[in-house]
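Chain by chain, the residues:
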Amino acid sequence: MLLIAAFVLTNQFNGFVNIGIGSIIVAALALAFAVQCITHLAFAPLPIPLAVLYIIFQGPLNWPNVQWWALVLAAVFASIGLAILLPRKHTHVNRHTYSHSSGNEFHKHHHHSRTHIEDGGNDNNPSVSVHFGSVSRYLHAACLETVHLDCNFGELQVFFDQAQLKPDGATAILNCSFGSIVLFIPKTWNLVSNLSCTLSGVETDNPLATPTENAPQLTLNGSVSFGSIEVRYI
């Protein structure tokens, strides 16, 4: 909003006389998204807002003319390339690679596979990372503290109904870019969402939630960009 205000005032002083209010709003949102990508070290989506900014400002700033479709196409391929080269990892966990079978179990396979899971030292602090694949994960924890979930260009389903939360609550840290994360949690739990969303959506079945007195609390932290987070109560 601050960027839009600055662009509007600048435009009144003949700063960007060829840019309309619609382009100003799009440029401000693209710049804000680019800054957010950098601050969150999420470089995969970064080429897309940069391409949008180039399309808007190449005329007023006399930049070399590039067709808009070429910029968009290059941005998409660059985002995919960065997602492959720079997947998000957690340095505090041991990395293991698995494939998903029809029996809802995970079997180890070679590290060149794009679908993999990162597990911590015990079930109370698991980590799951999915790239270019689809995975369903069932958590079995006697005292779940934290769970890290990363999803890039894929789909991740996580079931919490067989896990017990830490008495003072547990935290799920979600990072989703160009993907989908679906969480299945007991309807008697308390859910607190602190997710940061950029051109994305977070859906919850709130009417189905029936938290009990002193119910355990699950807090959702993290960010989602060009993706979706869905919470389903069971």
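Some points on the overall build of the chain
Then, in step 1: Scanning the chain for helices and strands turns up four helices and 15 strands.
Then, in step 2: Residues counted as buried form 41% of the 234 residues belonging to the chain.
Then, in step 3: Sequence-distant contacts in the chain: of pairs separated by 6 or more residues, those separated by 24 or more amount to 58%.
Then, in step 4: Of the roughly 12400 Å² of accessible surface on the chain, 59% is carried by carbon and sulfur atoms.

Points about a nonpolar patch on the surface
Then, in step 1: A contiguous nonpolar patch, built from Trp68, Trp69, Val72, Leu73, Val76 and Phe77 and spanning about 650 Å² of accessible area, is present on the exposed surface.
Then, in step 2: With respect to the secondary-structure elements, Trp68 resides in helix H4 (residues 68-85).

Some details on the nonpolar core
Then, in step 1: Ranked by size, the top nonpolar core spans 29 residues in total, and within it Leu149, Leu156, Phe160, Leu174, Ile181, Leu183 and Leu218 carry the most contacts.
Then, in step 2: Taken together, the elements giving at least two residues each to this core come down to strand E5 (127-131), strand E7 (146-152), strand E8 (155-159), strand E9 (170-177), strand E10 (180-185), strand E14 (217-225) and strand E15 (228-233).
Then, in step 3: Examining the composition of this core, we find that four residues originate from one element, E9, more than from any other.
Then, in step 4: Excluding residues that lie within four positions of it along the chain, Phe160 makes contacts with Leu139, Leu144, Val147, Leu183, Phe184, Ile185, Pro186, Trp189 and Leu218.

Overview of the sheet that holds strand E13 (residues 201-204)
Then, in step 1: Here five strands make up an open sheet; going across it, the order is E6-E8-E10-E15-E13 and the pairing parallel. Two strands bound the open sheet, and with one partner strand each, they are strand E6 (134-138) and E13. Going across the sheet, the axis of each strand differs from the next one's by a mean of 10°, ignoring polarity.
Then, in step 2: In the sheet, E6 pairs with E8 via five bridges, with the strands oriented parallel. Considered in E8, the bridge of Ser134 is made with Glu155.

Observations concerning the packing of helix H3 (residues 47-57) against H4
Relative orientation and spacing of two packed helices are given, respectively, by the angle between their axes and the distance between those axes.
Then, in step 1: It is at 8 Å that the axes of H3 and H4 come closest, and there the two elements cross at 165°. As summarised for this structure, H3 and H4 are arranged roughly antiparallel, according to the angle between their axes. When you trace H3 past H4, the crossing you get is right-handed. Every residue of H4 that contacts H3 at Pro47, Ile48, Ala51, Tyr54 and Ile55 is listed here: Trp68, Leu71, Val72, Ala75, Ala78, Ser79 and Leu82.
Then, in step 2: Residue classes in the contact of H3 with H4 are distributed as 11 nonpolar, one polar and no charged.

Looking at the confidence of the model for the chain
Then, in step 1: Mean pLDDT over the chain stands at 78; residues scoring 70 or higher make up 79%.
Then, in step 2: Within the model, the stretch residues 89-114 combines pLDDT values under 50 with 51 contacts to residues more than four positions away or in other chains.

Points about H4
Then, in step 1: For H4, spanning 18 residues, the distance from its first C-alpha to its last is 26 Å, which sits close to the expected 26 Å at 1.5 Å a residue.
Then, in step 2: Taken as a whole, H4 has its buried residues at Leu71, Ala75, Ser79 and Ala83. An end-on view of H4 places all buried positions within 100° of arc, on one side of the element. Structural note: H4 exposes Trp69, Phe77 and Leu85 on the side pointing more than 90 degrees away from its buried face.
Then, in step 3: Elements in contact with the buried residues of H4: H3.

Quick word on the environment of Asn190
Then, in step 1: In this fold, Asn190 is placed in strand E11 (residues 190-193).
Then, in step 2: Measuring from C-alpha to C-alpha, the distance between Asn190 and Gln217 comes to 4.5 Å, with 27 residues separating the pair along the chain.
Then, in step 3: Not counting residues up to four positions away in its chain, the partners in contact with Asn190 are Pro211, Ala215, Pro216, Gln217 and Leu218.

Scoring rules and cut-offs
Residues numbered from 1 in each chain as written. Predicted model: local features only at pLDDT ≥ 70, side-chain atom pairs only at ≥ 80, totals over all residues. Heavy atoms only, no water. Helix = DSSP H or I, 4+ residues; strand = E, 2+ residues; numbered from the N terminus. Buried < 20%, exposed > 50% of the residue type's maximum accessible area, 1.4 Å probe, protein only. Contact = heavy atoms within 4.5 Å. Areas by Shrake-Rupley, 256 points an atom, 1.4 Å probe, with all protein chains shown as cover. Patch = residues over 30% accessible without salt bridge, like charges linked within 9 Å, V, L, I, M, F, W, Y side chains within 5 Å. Salt bridge = Lys/Arg side-chain N within 4 Å of Asp/Glu carboxyl O. Core = buried A, V, L, I, M, F, W, Y, C linked by side-chain atoms within 4.5 Å. Pairing = 2+ DSSP bridges. Axes fitted to C-alpha atoms, helices over the stretch in contact; angles between N-to-C directions. Parallel < 35°, antiparallel > 145°, perpendicular 65-115°, else oblique. Left-handed = near helix turned anticlockwise from the far one by under 90°. Nonpolar A, V, L, I, M, F, W, Y, C, P; charged D, E, K, R; others polar. pLDDT = per-residue confidence, 0-100. Expected span 1.5 Å × (residues − 1). Arc of directions from axis to C-beta.

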